[in-house]
Amino acid sequence: MKIKKLFKGISKIQLKGPKETEVMGLCSDSRRVAPGDLFFAKRGKSFKGTDFIADAVLSGATSIVTDIYNPFLVGISQIITSDVDGLESIIASRFYDQPSSQLFNIGITGTNGKTTISYLLRHLLSGDQPVGMISTIETATGKHNRPSELTTPDCIAIHKLQKEMLANNCHYSIMEVTSIGLVQDRLNLTRFDRLVFTNLSRDHLDAHGSMENYLLAKQSFFTNRYAKEGAKAIVNDDALETEEILSQFNGEVLSYGLTSKATCFATSLIYSSRGVEFDLNYLGECVHVKLPMKGEYNVVNALAASLIALSCNALSLKQIAAKLATFPGIEGRLQRVSGAPFDIFVDFAHTPDALKNVLKALRENHKGKVITVFGAGGDRDKLKRPLMGEVVTSLSDIAIITSDNPRGEDPSLIVEDIKKGIVKNQCQVIEEVDRLAAILKGIELAKKGDILLIAGKGHERGQSLRNRTIDFDDIAVVKELLLLSTSTSKI
């Protein structure tokens, strides 16, 4: 698309340089500019976007959106605006032909459960047509699956990915919507048919400053800014914040939960080592479900996914029950690792509430010891660390405190913060800052009939240290250590 067409009718901008320049793509990261790109020189907290214009041009950018005109950029189209960020979303929507308006767009927000609901829903909706998904773990556009870098990517990436979904014949797009993404306007001009709220508990306060601000960020999703005409809200009836979340929503509201006042609810829960059985109730109908996932919280996640699918008229109750029974699970979400005489699970839980849900699930019908290896992320909310220590030592028999992603902090100091919440009970507490050694210690301590939980990183393939990221995959590490211990025992 030519520059003059792409910016036609947009007020309060100045176009300097060639007007016939052909725009081949959009980019706001100078390290990823491709020949023919339009580069958005956005300001950050600690940098000016104009500092990267030279790098972008060197990489092939032929046009620039900036807040400062540079007369020395000969042959480069320059669009001058006081609002580079706002113009970015407008141009991304235009360039990729407003893809969210052509997809059945489902956005899921909340502290916990977004990824599990996304995967359950994709499993339910998958049929003759592929289902697009933008999640914490991966991004699927119909033909291509790739690891995700951000749970909610920047606005150019969102429009581009959804355009790719349309090209690959996707009808549905499922997206995890983060509070950071909302605050940073990454979803500007992306609109949704279904807006889903899971729950709210302490997280990301390093970015938001307070729970009130965190709530306001989530609440902003349920407004006319993001809701299409006729959009429906799907909300957790058991969450205390649901009423506040919906205070500005004008459309139809459907609810899910564990009480009969919800639109879709569960009764007669039966827990086993294989998962949970329950009765799924919806508008006077009932069907029995065998869910191959542990924990009451996953029943709630399954209710959410089921209600979304039902609201789309995509499946009957019987079809939903049949599909839930075949759900294959999710990488790094209470993922069982085989090869030991005891149970080993790897999970992404890194908040007090998530750890509580996972540990309660593992304790259901379990008589052996529960051993938990966990840590807390560096350069993040410090006040949640003792809360994590309290939860783990309350629900574990042995707690091994170690590094998570320490980033720029001293991991031993993070461990000290966690220890402030230790509950003085029968739980044995072990400190081992080295994560590999901590996992090995957990394996050595576990006996037949015990459960070893390795929490915090789940699907992640790296560990973020000061100024570098090293390869570290909890699942791969466990498998390697088990293989090594088996080989050693045979000698």
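Above this text sits the structure in question.
Computed from a predicted structure; not experimentally measured.

## Digging into the overall build of the chain
Part 1 of the reasoning: Check the secondary structure of the chain and you find 16 helices and 24 strands.
Part 2 of the reasoning: Taking 491 residues into account, the globule formula puts the C-alpha radius of gyration at 23 Å, and the chain, at 24 Å, falls close to it.
Part 3 of the reasoning: Overall, the C-alpha framework of the chain stretches about 75 × 55 × 45 Å when taken along its three principal axes.
Part 4 of the reasoning: When each of the 491 residues of the chain is scored for burial, the buried share is 56%.

## Points about the packing of helix H4 (residues 114-125) against helix H10 (residues 296-311)
Two quantities define a packed helix pair, namely the angle between the axes and the distance from one axis to the other.
Part 1 of the reasoning: Their axes nearest at 9 Å, the elements H4 and H10 cross at an angle of 45°. Classified by the angle their axes make, H4 and H10 are oblique. Where H4 crosses over H10, the handedness of that crossing is right-handed. Here H4 contributes Thr116, Ile117, Leu120, Leu121, Leu124 and Leu125 to the contact with H10, which in turn contributes Asn298, Asn301, Ala302, Ala304, Ala305, Ser306, Ile308 and Ala309.
Part 2 of the reasoning: Classifying every residue of the contact of H4 with H10 by side-chain character gives 10 nonpolar, four polar and no charged.

## Concerning the environment of leucine 452
Part 1 of the reasoning: On the secondary structure map, leucine 452 appears in strand E22 (residues 451-455).
Part 2 of the reasoning: Counting along the chain gives 10 residues from leucine 452 to glycine 442, while the straight-line C-alpha distance between them is 6.7 Å.

## Observations regarding the sheet that holds strand E13 (residues 252-257)
In a beta sheet, neighbouring strands pair by backbone hydrogen bonds and run either parallel or antiparallel.
Part 1 of the reasoning: Strand order across the open sheet formed by 11 strands is E9-E8-E7-E10-E6-E11-E12-E13-E14-E15-E16, with mixed pairing between neighbours. Looking at which strands have only one partner, the edges of the open sheet turn out to be strand E9 (145-147) and strand E16 (285-291). Taken over all neighbouring pairs, the strand axes of this sheet differ in orientation by 20° on average, direction set aside.
Part 2 of the reasoning: Pairing of strand E6 (residues 104-109) with strand E11 (residues 192-197) involves four bridges; the strand directions are parallel. Pairing of glycine 107 across the sheet is with leucine 195, part of E11.
Part 3 of the reasoning: Packing of H4 onto the sheet brings it into contact with E6, strand E7 (132-134), strand E8 (138-140), E9, strand E10 (172-176) and E13, and relative to E10 it is tilted by some 170°.

## Quick word on the nonpolar core
Part 1 of the reasoning: Formed by 47 residues in total, the largest nonpolar core has its most connected members in Ile106, Tyr256, Phe278 and Leu280.
Part 2 of the reasoning: A per-element tally of this core places H10 first, with 10 residues.
Part 3 of the reasoning: Aside from chain neighbours lying at most four places away, what touches leucine 280 is Cys264, Phe265, Glu285, Cys286, Val287, Val289, Leu303, Ser306, Leu317 and Ile320.
Part 4 of the reasoning: Met165, Phe192, Leu205 and Ala227 belong to the second-largest nonpolar core, a separate cluster that totals 28 residues.

## Topic: the pairing of strand E19 (residues 370-374)
Part 1 of the reasoning: Summarising burial for E19: five of the five residues are buried, a large majority.
Part 2 of the reasoning: Along E19, one buried face is formed by Val370, Thr372 and Phe374 and the opposite face, lined by Ile371 and Val373, is buried too.
Part 3 of the reasoning: With four bridges connecting them, E19 and E22 associate as parallel partners. Within the sheet, the bridge partner assigned to threonine 372 lies in E22 and is leucine 453.
Part 4 of the reasoning: In this sheet, strand E20 (residues 398-401) lies alongside E19 in parallel orientation, the contact comprising four bridges. When the sheet's bridge partners are listed, threonine 372 is paired in E20 with alanine 399.

## As for the pattern of salt bridges
Part 1 of the reasoning: In total, this model carries 28 salt bridges according to the counting rule given.
Part 2 of the reasoning: Of the charged contacts in the structure, one is a salt bridge between aspartate 417 and lysine 420, with a shortest N-O distance of 3.3 Å.
Part 3 of the reasoning: Taking relative accessible area as the criterion, lysine 420 reaches 63% and is therefore assigned exposed.
Part 4 of the reasoning: A salt bridge links arginine 461 to aspartate 473; the nearest nitrogen and oxygen atoms lie 3.5 Å apart. Remark: aspartate 473 occurs in the loop between strand E24 (468-471) and helix H16 (474-489) and arginine 461 occurs in the loop between E22 and strand E23 (462-465); sequence separation between them is 12 residues.
Part 5 of the reasoning: Aspartate 473 sits in the buried class, given a relative accessible area of 16%.

## A look at the packing of aromatic side chains
Part 1 of the reasoning: Applying the stated criterion across every chain, the model contains seven aromatic pairs.
Part 2 of the reasoning: An angle of 90° between the planes, with centres 4.9 Å apart, marks the rings of phenylalanine 95 and tyrosine 96 as edge-to-face.
Part 3 of the reasoning: With a relative accessible area of 18%, phenylalanine 95 lands in the buried category.
Part 4 of the reasoning: Between phenylalanine 221 and tyrosine 226, the aromatic rings sit 5.7 Å apart at their centres with planes inclined by 45°, giving tilted as the arrangement. Considered together, phenylalanine 221 and tyrosine 226 belong to a single accessibility category, that of buried residues.
Part 5 of the reasoning: Three or more aromatic residues joined by ring pairs make a cluster, and in this case those are Phe192, Phe221, Phe222, Tyr226 and Phe249.
Part 6 of the reasoning: Directly above the ring of tyrosine 69 sits lysine 16, whose terminal nitrogen or CZ lies 5.6 Å from the centroid.

## Considering the pairing of E23
If a strand is regular, its side chains alternate between the two faces of the sheet.
Part 1 of the reasoning: When E23 meets E24, the two strands line up antiparallel, connected through four bridges. Looking at E24, one finds that leucine 465 is bridged to arginine 468.

## Overview of helix H15 (residues 435-445)
Part 1 of the reasoning: Every buried residue of H15 is accounted for by Arg435, Ala438, Ile439, Gly442 and Ile443. All buried residues of H15 fall inside an arc of 140° around its axis, so they share one side.

Thresholds, definitions, all that
- Residues numbered from 1 in each chain as written.
- Predicted model: local features only at pLDDT ≥ 70, side-chain atom pairs only at ≥ 80, totals over all residues.
- Heavy atoms only, no water.
- Helix = DSSP H or I, 4+ residues; strand = E, 2+ residues; numbered from the N terminus.
- Rg over C-alpha atoms; globule rule 2.2 N^0.38 Å.
- Buried < 20%, exposed > 50% of the residue type's maximum accessible area, 1.4 Å probe, protein only.
- Axes fitted to C-alpha atoms, helices over the stretch in contact; angles between N-to-C directions.
- Parallel < 35°, antiparallel > 145°, perpendicular 65-115°, else oblique.
- Left-handed = near helix turned anticlockwise from the far one by under 90°.
- Contact = heavy atoms within 4.5 Å.
- Nonpolar A, V, L, I, M, F, W, Y, C, P; charged D, E, K, R; others polar.
- Pairing = 2+ DSSP bridges.
- Core = buried A, V, L, I, M, F, W, Y, C linked by side-chain atoms within 4.5 Å.
- Salt bridge = Lys/Arg side-chain N within 4 Å of Asp/Glu carboxyl O.
- Phe/Tyr/Trp six-rings, centres within 6.5 Å; stacked < 30°, edge-to-face > 60°.
- Lys NZ or Arg CZ within 6 Å of the ring centre and 35° of its normal.
- Arc of directions from axis to C-beta.

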